[in-house]
Amino acid sequence: MSIQNNNDIERQLALLPAAFFGYCPRCDERTLFDRVMIGGGANFAPKCTHCDLDYDSFNVGNGPAAFITFLMGALMVTLALSLELSLHPPFYVHVLLWVPLTIVMTIVSLRVAKGVLITLEYRNKAKEAISSDAQKEVSVDDEDA
Ligand SMILES: [Zn+2]
């Protein structure tokens, strides 16, 4: 039992680096995202170039984008206010510091969040939920076959 738990913990810990570096959830090759960091943003490649896992079949959606926007907005405003209240730098320092930092931090955290979601979706074999009526139709179709 404890060996099982240790393996689960190791798998969970390995999830964040795998998501950050864009490892394929099946073969662990670095093929998850389209291109390197800024050029590709946080877009998935169509499929793994190593094991042909179809990334388009996963439905990660835009859930992480809203969450990341609120989180980064709160973090950057807090940091900007702290800097302003403690050092009173000229306005251009804020522009030069916070605009690029916000863009880079948003892309990096979006990649990590989407990487975590697609890896968990693959590991847990998650599929879209269907209504109970649709499930009955599917089971009736299965009995006919
Ligand atoms: Zn792969």
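Worth saying up front: this structure is predicted, and the values here are computed from it rather than measured.

Rules of the game
Residues numbered from 1 in each chain as written. Predicted model: local features only at pLDDT ≥ 70, side-chain atom pairs only at ≥ 80, totals over all residues. Helix = DSSP H or I, 4+ residues; strand = E, 2+ residues; numbered from the N terminus. Buried ≥ 20, exposed ≤ 12 C-beta atoms within 10 Å, placed from the backbone. Contact = placed C-beta atoms within 7 Å. Expected span 1.5 Å × (residues − 1).

Participant: Just to check I follow, could you spell out the overall build of the protein for this structure?
Facilitator: A tally of regular secondary structure across the protein gives 5 helices and 0 strands. Tracing the protein from N to C terminus, the helices and strands come up as α-α-α-α-α. With 145 residues in all, the protein has 14% of them scored as buried. At a minimum sequence separation of 6, the contacts of the protein that also span at least 24 residues come to 57%.

Participant: Looking at this structure, how should I read helix α3 (residues 63-87)?
Facilitator: Residues spaced three or four apart along an α-helix point in a common direction, a consequence of the helix completing one turn every 3.6 residues. For α3, built from 25 residues, the straight-helix expectation of 36 Å at 1.5 Å per residue is met to within 8% by its first-to-last C-alpha distance of 37 Å. Directly after α3, the chain includes His 88, whose backbone phi takes a positive value near 50 degrees.

Participant: Is there a simple way to explain the environment of Ala 65 in this structure?
Facilitator: As for its position among the elements, Ala 65 is in helix α3. Sequence separation between Ala 65 and Ser 109 is 44 residues, and the spatial gap between their C-alpha atoms is 9.3 Å.

Purely spatial values, then, with no claim about function.
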